[in-house]
Amino acid sequence: MRCSLQKDCAAPTQEKFRQMRCQILFTLFLVLFCCGECFAVDANDQLKFSTPGCKIKEPIYGSTFDFNGLLSDLAHVVKSVDGEKFEFNVCGNLSRTCNGEKNVAACLKKQGKEYVIGRQHELFYNHGKMYFEYKSGAKCENGTDSNPNYQLHVMLSCDYTLDAQPIHITPYANNACSFYINYETPLACLPIPDALQSNSCSVRDTKTNGTFDLMPLSDSNYRTSNRQNAFFLINVCKPVLYGENSMCPPGSSICLYSPNATNSTERFINFGNVQSQPVVENGQLLLRHESPTPCAKNSSANYTSVIYFSCDKFIRNAHPEFAGLGADSCTYQFNFVTPLACNDLDPCTAYTSTNELLDLSSLSLKPAHTLMKDGKNYTIAVCSHAGQPCQENGGACYKENSTTISLGNSNSQLRFNQTGSLYLLYEDGAECSTAAGIKRWSTKIEFVCANNATKDNGANAAGGSDSLKIIEDSNCQLLIQYQTPLACREPIKCKATIYVDHTTDGLGSSGDELIDLTPLISASDNYEAKVDLPASMENLVPKTTKFFLNVCRPLVPKYQLGCAGGSAACMAKVTAAGAPEEERSMGFPLVSLSQRNRTFAELLYLKGDPCPTDNTTDLSTRILFNCNMRAGRGQPVLRSIEDCAYSFEWETNVFCPPHECTFSPDTCDLVHDELQRSFNFKSAPFTKDGKIEIDYNATKMSVDICGEHRKAMTDYSQALVNIFFTHESPNCGREGTMNVQIRLICSNQTESSSTISSDQQCNLLYVQRTPSICEFLSLGAAQQDAQGGGSTSSSSSTSTSSSTSTTTTTTTTTTSTTTPASPAGKPTKAATSTTTTTVGPDPAATPIGPTASVGTILAAILSVTFCVTCLGLFAFSPARRQRVRRLFRRSNSAVRYSRVQSNEEANLLLEPNGEFTESDDDMLL
């Protein structure tokens with residue numbers, strides 16, 4: 001068809017040229033925007049580099065990490081659970097040969113043979129992650145074309161305290177060619193400013209004369225969403241531990257991570273320097289952090305962050321939550337519910353940061369111990385008075401030449417030092433002269449685990465293998481080491497980190513997230529597994545056989561189980577009367593939890609009794625945990641038996657990611673969209689038409705849960721739903737408003753407690769334990785609270801002014817009948833989705849002329865030109881090509897998880913930004 005000059009090819013008018021220019025400019029803008037985004041991402045390459053040396057200059061703050069201090073005169077030696085020995089050096093070679101070769105940096109000895117797994121290393125930095133990669137290892141018979149040789153990777157993790165065992169091996173397969181060792185060291189940390197250095201983080205409560213010690217909370221970082229497309233990184237008592245996507249400013253204990261910030265210096269903002277001196281204000285334990293960062297809303301003031309600590313003896317996986325912003329828009333409030341904030345503990349007991357109860361009270365019933373050193377007779381008692389020859393309140397003393405010297409008054413307040421070890425401190429002894437002046441004697445008793453494997457079994461559980469030893473007697477302090485099984489903690493870690501890639505704004509962003517199975521640890525009961533084997537394996541398990549397991553710890557000695565002490569899994573035949581017999585240990589908790597991806601984790605119990613069908617093989621247990629929001633805490637199910645290894649599957653929601661629920665202000669319904677369940681607060685048994693009453697300032701304050709701007713988040717690790725909002729309260733703070741956090745906990749009890757902390761803006765933490773929320777969380781019937789249940793906070797009720805902290809508790813006993821939440825769809829208003837269809841003009845009426853065709857042609861030419869240029873730039877960079885592939889593979893889900901690959905795929909473990917699929921379930925163990 002030919003063009004008619006008079007009709008179709010008429011000269012374009014001025015309006016048509018204007019339209020052409022707009023279309024071309026718009027196209028150019030889109031192309032430049034896309035390229036600009038790619039270049040902006042590529043600018044982050046400054047956060048990814050390597051060096052053959054042992055020093056790295058941190059690219060954001062200019063600090064230098066120097067790992068030459070890890071050089072050993074001999075070697076670093078670490079053994080796997082199978083007895084295989086790794087020897088490696090950092091910033092140098094081994095002092096001996098490996099398999100007859102010299103100048104070797106890393107060596108593996110297994111089954112009597114030695115293998116070179118590294119001759120030299122390279123130091124890598126990747127967005128805060130630092131690691132040594134040992135190269136030029138010996139050829140591996142199971143190697144691949146891309147990785148034919150043995151490899152060792154030493155991951156460097158920040159730890160401000162020097163642990164007794166700072167080196168850990170990541171579990172690996174028998175045919176592995178790549179190995180991973182994690183080295184925790186202060187050299188991987190940013191320096192702590194001198195003014196902020198502290199080895200303690202405790203305060204005495206003058207009301208109860210007890211001591212709050214928060215130092216155990218410094219072992220790890222915590223994350224909490226600011227509910228505005230960013231989140232806070234928090235460490236308690238120490239700076240945020242430097243690491244991958246945790247590059248907070250030096251000395252900061254609270255920082256805001258904004259993943260969408262293009263400038264790396266603006267991605268992490270200091271919201272509070274380290275504070276190691278907690279205070280008790282009007283009965284409220286808190287840490288107030290001052291920041292050097294000017295407040296965005298008020299440049300004359302700096303940011304301040306306040307963490308309010310509240311008691312809960314039964315909580316597992318304790319972590320802080322962002323409560324809200326203060327009235328000045330510069331003060332940020334956080335709530336941290338933890339057993340370490342409890343001051344009504346039984347004498348000579350202590351809770352760890354993971355809520356494990358350490359009970360040394362039986363030691364107080366023993367007679368005082370008598371020790372001798374350098375001609376002195378020492379008398380020491382634990383959590384009690386020592387008696388003669390000590391003074392009336394003395395816990396320790398020594399006698400020399402008929403003179404008795406007090407070494408401190410007794411008390412029963414157990415504490416933790418900065419490394420997490422338990423100790424007892426007796427103070428205010430007799431005067432003592434030093435070069436610095438007059439001091440008073442004190443006695444420090446450090447408790448050391450005597451035998452972890454027999455913690456819960458036999459006479460040792462009562463302290464049958466105790467032993468005391470004087471370590472030091474100088475500088476006016478007596479230091480004693482007390483070995484006892486009662487000081488033994490859970491033997492393995494029940495937490496693991498996994499790299500998570502969030503592709504859209506939401507609850508967090510890319511970085512390491514914690515998989516925590518500690519809520520499944522039971523100190524009172526064991527789990528009985530179901531049996532669901534394939535027909536071909538049913539003959540391997542007699543009908544009378546039962547399987548008992550615990551999580552990350554030995555079995556509780558109940559039901560007359562006779563498996564070897566310390567076993568974490570046990571199989572037994574059960575008689576007609578229900579008594580177990582012919583028990584066999586199925587393994588011990590020797591390997592910490594390992595992750596597959598964000599929704600799968602694995603536990604191994606090894607070295608059980610000899611296998612009945614093969615005496616050369618030990619029984620072992622493998623438990624695969626799978627996140628399932630509908631499963632509640634779940635139950636282990638035996639799925640297969642292969643080569644004397646028993647494999648269990650355990651679907652549970654305790655480590656599922658938080659889920660944001662929909663809140664309907666009209667009907668006051670809380671809707672779990674994923675599970676299609678709802679909970680109505682107006683008909684809830686603990687409210688009056690959706691309102692709760694709080695005792696405040698000697699009056700009843702009514703707080704309406706229903707309303708606009710409610711944020712509701714599930715927290716499966718704590719079996720609860722958090723609800724956040726603000727409430728108008730004329731007598732509260734400067735602005736007459738308070739931040740409200742409501743914790744609705746699935747419990748077999750109905751019990752409420754509230755704490756109001758007032759600063760510039762009030763902060764209300766309301767805790768409601770109730771069976772009525774259990775069904776909403778797919779927990780079915782209410783669960784028995786840990787440690788046997790009981791109150792979660794102080795029962796005292798205090799009426800104070802608006803500048804004080806008020807704690808009230810109301811308890812109501814309920815029957816075993818629960819009020820389940822009714823499953824339902826979304827409320828009409830909250831769930832209505834509106835689809836807008838734009839109808840364009842009739843194509844037949846649209847002029848088709850030179851304006852459209854010329855503009856389209858020019859835009860297409862320019863688009864192709866720019867795209868080719870951009871693609872050409874990306875073609876020379878594998879990292880850029882990978883970003884482009886991820887750009888086009890992104891899904892529409894709010895969160896997409898990337899899996900840390902197996903040890904056979906070293907490059908994927910160290911570059912964790914890739915994808916994972918169902919086929920990735922083949923693992924190391």
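Caption draft 1: Spatial organisation of the pairing of strand β23 (residues 331-338). Here β23 lies mainly inside the structure; eight of its eight residues are buried. Strand direction decides the pairing type here: strand β21 (residues 302-311) and β23, joined by eight bridges, are parallel. Within the sheet, the bridge partner assigned to S310 lies in β23 and is V337. For strand β22 (residues 320-325) and β23, the ladder comprises five bridges, and the chain directions are antiparallel. The partner of E321 across the bridge, within β23, is N335. Here β22 hands over to β23 after five residues, with S329 in that stretch at a positive phi of 65°.

Caption draft 2: Broad picture of the environment of I745. Within the secondary structure layout, I745 lies in strand β58 (residues 737-746). Spatially, the C-alpha atoms of I745 and S772 are 9.3 Å apart, while their sequence positions differ by 27 residues. Ignoring sequence-local partners within four residues, the contact set of I745 consists of D312, Q718, A719, L720, V767, Q768, R769, T770 and I773.

Caption draft 3: Representation of the environment of A684. Checked against the element boundaries, A684 lands in the loop between β53 (677-680) and β54 (691-696). Taking C-alpha positions, A684 is 7.5 Å from S772, a pair spaced 88 residues apart along the chain.

Caption draft 4: Structural view of the state of the cysteines. If you walk through the whole model with that rule in mind, you get 18 disulfides. There is a disulfide in this structure between C295 and C330, and the S-S distance comes to 2.1 Å. Across the S-S bond of C295 and C330 the torsion is about -85°, and the bridge reads as left-handed. Of this pair, C295 sits in the loop between β20 (284-294) and β21 while C330 sits in the loop between β22 and β23, placing them 35 residues apart in sequence. Neither C295 nor C330 differs from the other in exposure class; each is buried.

Caption draft 5: Region of interest: the pattern of salt bridges. According to the stated counting rule, one finds 23 salt bridges in the structure shown. Residue K376 is joined to D473 by a salt bridge in which the shortest nitrogen-to-oxygen separation is 3.7 Å. Of the two residues, K376 sits in strand β27 (residues 376-380) while D473 sits in strand β35 (residues 467-474), which places them 97 residues apart along the sequence. For K376, a relative accessible area of 16% puts it in the buried group. Note that D532 is salt-bridged to R639, the shortest N-O span being 2.5 Å. With D532 in the loop between β40 (530-531) and β41 (545-549) and R639 in strand β49 (residues 636-642), this residue pair connects regions lying 107 residues apart in the sequence. When salt bridges that share partners are traced, they join K85, E87, R96 and E114 into one network.

Caption draft 6: Highlighting the environment of D695. Tracing the backbone through its elements, the reader meets D695 in strand β54. Look at D695 and you get partly exposed, because its relative accessible area is 27%. Separated by 61 residues in sequence, D695 and I756 place their C-alpha atoms 9.4 Å apart. Side chain to side chain, D695 and K700 meet in a polar contact 2.7 Å long.

Caption draft 7: Fine view of the side chain of T51. Mapped onto the elements of the fold, T51 is located in strand β1 (residues 48-51). Contacts of T51, omitting those with residues within four sequence positions, involve I56, E122 and L123.

Caption draft 8: Spatial organisation of the sheet that holds strand β26 (residues 369-373). Here we have four strands laid out as an open sheet, ordered β26-β27-β28-β29, and antiparallel in their pairing. Every other strand in the sheet has two partners, leaving β26 and β29 (403-406) as the edge strands with one partner each. Each strand of the sheet is rotated relative to its neighbour by a mean of 25°, with strand direction disregarded. Bridge count between β27 and strand β28 (residues 396-400): four bridges; the pairing is antiparallel.

Caption draft 9: Representation of the confidence of the model for the chain in the model. Scored by pLDDT, the chain has a mean of 78; 76% of the residues are at 70 or more. This model gives residues 24-44 a pLDDT under 50, and the stretch forms 21 contacts once residues within four places in sequence are excluded. This model gives residues 873-909 a pLDDT under 50, and the stretch forms 77 contacts once residues within four places in sequence are excluded.

Caption draft 10: Structural detail: the packing of aromatic side chains. The final tally for this structure, using the stated rule, is 33 aromatic pairs. Here the aromatic rings of F271 and Y332 are separated by 4.9 Å at their centres, their planes lie at 85°, and the arrangement is edge-to-face. Here Y332 lies in strand β23 and F271 lies in strand β18 (residues 268-273), a separation of 61 residues in the sequence. The exposure class assigned to F271 is buried, which follows from its relative accessible area of 2%. Seen from their ring centres, F679 and F686 are 6.3 Å apart, and the 15° between their planes marks the pair as stacked.

Caption draft 11: Local environment of the nonpolar core. Core analysis: the largest hydrophobic core is formed by 76 residues, its most contacted members being F547, V551 and F681. Here the element with the most residues in this core is β58; it accounts for five residues. The residues touching V551, leaving out its near neighbours within four places in the chain, are C494, L517, L520, I521, Y527, L603, Y605, F625 and W650. With 50 residues, the next largest nonpolar core counts I56, V90, C177 and L233 among its residues.

So, how was this worked out
Residues numbered from 1 in each chain as written. Predicted model: local features only at pLDDT ≥ 70, side-chain atom pairs only at ≥ 80, totals over all residues. Heavy atoms only, no water. Buried < 20%, exposed > 50% of the residue type's maximum accessible area, 1.4 Å probe, protein only. Helix = DSSP H or I, 4+ residues; strand = E, 2+ residues; numbered from the N terminus. Pairing = 2+ DSSP bridges. Contact = heavy atoms within 4.5 Å. Disulfide = S-S within 2.5 Å. Salt bridge = Lys/Arg side-chain N within 4 Å of Asp/Glu carboxyl O. Polar contact = N/O pair within 3.5 Å; in protein donor to acceptor, adjacent residues only side chain to side chain. Axes fitted to C-alpha atoms, helices over the stretch in contact; angles between N-to-C directions. pLDDT = per-residue confidence, 0-100. Phe/Tyr/Trp six-rings, centres within 6.5 Å; stacked < 30°, edge-to-face > 60°. Core = buried A, V, L, I, M, F, W, Y, C linked by side-chain atoms within 4.5 Å.

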